[in-house]
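# Architecture at a glance
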Amino acid sequence: MLNIFPDPSKLNDHENTNKIVLVIFIKIANPKVKEELKISLLNKKLKIINWFDCHYTNIGKEDYWSDVLIVEFKDKFELEKYYKNGAGKIDLEAVQVFNLLPKNLPRLFVNFLKLFRPIGHFFELIKSSNKELQNLSNEDSNILPTKKQAERLLNEKSTKKAYMINLLELKEMAQYKDKSISITGREAYVEKYGTQAFKSVILLGGDFAFNGRIIGDSLIEYNVPFDTQGKWQAVGIAEYTKACKMLELEKIPGYSKGLIHREAGLKRNYNLYATKNI
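To start, this report covers the structure provided alongside it. Just so it is clear, the structure is predicted and the values come from calculations on it, not from any experiment. (Residues numbered from 1 in each chain as written. Predicted model: local features only at pLDDT ≥ 70, side-chain atom pairs only at ≥ 80, totals over all residues. Heavy atoms only, no water.)

The next point concerns the sheet that holds strand β8 (residues 207-222). Backbone hydrogen bonds hold the strands of a sheet together, and the pairing may be parallel or antiparallel. Read around the barrel, eight strands follow the order β2-β4-β3-β10-β7-β9-β8-β6 and close on themselves; strand pairing throughout is antiparallel. This sheet shows a mean twist of 35° between the axes of neighbouring strands, independent of strand direction. The strands touched by helix α1 (residues 31-43) are β2 (20-27), β3 (47-59) and β4 (67-73); relative to β3, the strand with the most contacts, the crossing angle is about 155°. In the packing of helix α8 (residues 255-265) onto the sheet, contacts are made with β3, β7 (162-170) and β10 (266-276), and the angle to β10 comes to roughly 110°. (Pairing = 2+ DSSP bridges. Helix = DSSP H or I, 4+ residues; strand = E, 2+ residues; numbered from the N terminus. Axes fitted to C-alpha atoms, helices over the stretch in contact; angles between N-to-C directions. Contact = heavy atoms within 4.5 Å.)

The buried fraction of strand β9 (residues 234-240) amounts to six of the seven residues, a majority that puts the element mostly inside the structure. Of the pairings in the sheet, the one linking β7 to β9 comprises seven bridges and is antiparallel in character. The residue bridging A162 from the neighbouring strand is Y240, located in β9. By the bridge criterion, six bridges tie β8 to β9 in an arrangement that is antiparallel. When the sheet's bridge partners are listed, R213 is paired in β9 with A234. (Buried < 20%, exposed > 50% of the residue type's maximum accessible area, 1.4 Å probe, protein only.)

With respect to the element layout, S141 can be found in the loop between α5 (131-134) and α6 (147-154). Here I143 takes part through its backbone nitrogen, which lies 3.1 Å from a polar atom of the side chain of S141. At 3.1 Å, the side chain of S141 and the backbone nitrogen of L144 are in polar contact. (Polar contact = N/O pair within 3.5 Å; in protein donor to acceptor, adjacent residues only side chain to side chain.)

With that settled, consider a nonpolar patch on the surface. There is a patch of nonpolar side chains on the surface, built from F109, F112, L115, F116 and I119 and spanning about 490 Å² of accessible area. Looking at the secondary structure, you find L115 in the loop between α3 (107-114) and α4 (117-126). When its relative accessible area of 63% is taken as the criterion, L115 is described as exposed. (Patch = residues over 30% accessible without salt bridge, like charges linked within 9 Å, V, L, I, M, F, W, Y side chains within 5 Å. Areas by Shrake-Rupley, 256 points an atom, 1.4 Å probe, with all protein chains shown as cover. Salt bridge = Lys/Arg side-chain N within 4 Å of Asp/Glu carboxyl O.)

Right, let's get into the packing of α3 against helix α7 (residues 185-203). Contact pair α3 / α7: the axes reach a minimum separation of 9 Å and the direction vectors enclose 55°. In terms of their interaxial angle, α3 and α7 are classed as oblique. For the crossing formed where α3 meets α7, the hand is right-handed. Contacts between α3 and α7 involve F109, V110, L113 and K114 from the first element and F198, K199, I202 and L203 from the second. Here the contact of α3 with α7 is built from residues that sort into six nonpolar, no polar and two charged. (Parallel < 35°, antiparallel > 145°, perpendicular 65-115°, else oblique. Left-handed = near helix turned anticlockwise from the far one by under 90°. Nonpolar A, V, L, I, M, F, W, Y, C, P; charged D, E, K, R; others polar.)

Membership of the largest hydrophobic core comes to 29 residues, with the highest contact counts inside it found for L153, M164, Y240 and Y273. Going through the elements one at a time, α3, α6, β7, α7, β9 and β10 are the ones with two or more residues in this core. Each residue touching L153, except ones within four places of it in the same chain, is listed here: Y56, N58, M164, A243, C244, M246, L247 and Y273. Ranked by size, the runner-up nonpolar core spans 26 residues in total, among them I4, I24, I48 and I90. (Core = buried A, V, L, I, M, F, W, Y, C linked by side-chain atoms within 4.5 Å.)

All told, the structure shown has 16 salt bridges when counted by the stated rule. E239 is the salt-bridge partner of K161, the closest N and O atoms lying 3.2 Å from each other. Here K161 is found in the loop between α6 and β7, whereas its partner E239 is found in strand β9, with 78 residues between them in sequence. Its relative accessible area of 14% is what places E239 among the buried residues. For E169, the salt bridge identified is with R268, shortest N-O distance 2.6 Å. Of this pair, E169 sits in strand β7 while R268 sits in strand β10, and the two are 99 residues apart along the sequence. Judged by relative accessible area, E169 falls into the buried class, the value being 15%. Among the ionic contacts, a cluster of salt bridges with common partners joins E124, K245, E248 and K251.

Our next topic: the packing of aromatic side chains. Counting across every chain of the model gives 14 aromatic pairs. Aromatic pair F25 and F98: ring centres 6.1 Å apart, planes at 85°, arrangement edge-to-face. One end of the pair, F25, is in strand β2; the other, F98, is in strand β6 (residues 94-102), and 73 residues separate them in sequence. Each member of the pair F25 and F98 is classed as buried. Among the aromatic residues, those joined into a cluster by ring pairs are F25, Y64, W65 and F98. A cation sits over an aromatic face here: K27 above Y64, 4.1 Å from the ring centre. One Lys or Arg, R268, reaches over the ring of W232 and ends 3.7 Å from the middle of that ring. (Phe/Tyr/Trp six-rings, centres within 6.5 Å; stacked < 30°, edge-to-face > 60°. Lys NZ or Arg CZ within 6 Å of the ring centre and 35° of its normal.)

Next up, the structure:
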């Protein structure tokens, strides 16, 4: 039996004086155990921001995690209560927990961009999807799906909304072929690539379910796969009307040009396809 909630003493006081948000990756083999955990947490009135059923890995070496939860505690004292009362103690195979500082996008701006979705639909209709598979032959990439993974995503039959859960680590300094460019990895990825990616997701009918900066190292790391080991900087969860939309972003003008900044600024990326449970 393992506790999915961390010891509050592991948190830094100056970073967690008020509410605490955790993202919890778990692997549960027994569906009954999962349902019991869900009922227990709901009965205890824990604030569950999101609960995702994980299906498979899009960027990474193996399909591993079964669930991802984002939960919120109003303060350390509430976390301590859940930690001590055993509400999160379950029979699981693996768990990894991160402390997050939410950085969600302003809804007013998101809703404004949604007004232009008919334009995105137009480009979606006139452009082919074949291009997305042409350059996916690199089996060792830390930031791209393999061709096999991309084909699986394109052939996904689920009609549920798709959620792409990303762990992100940026380079300290961006690395361009043009050595005269000297900017940080964050400037390249977030400011130059991220802005265009955000617009493209919205225009394709998608949204962003959650974004946050990871504070410190993993609070719990038990039996985790190589794909998610180590230090990460951010979590980003994009919402699409269906899974294959993630591979159609290049249909939106400007997105392809932004990929040079993604490659220059992003050190590694773990991407997981999921659907919403709660």
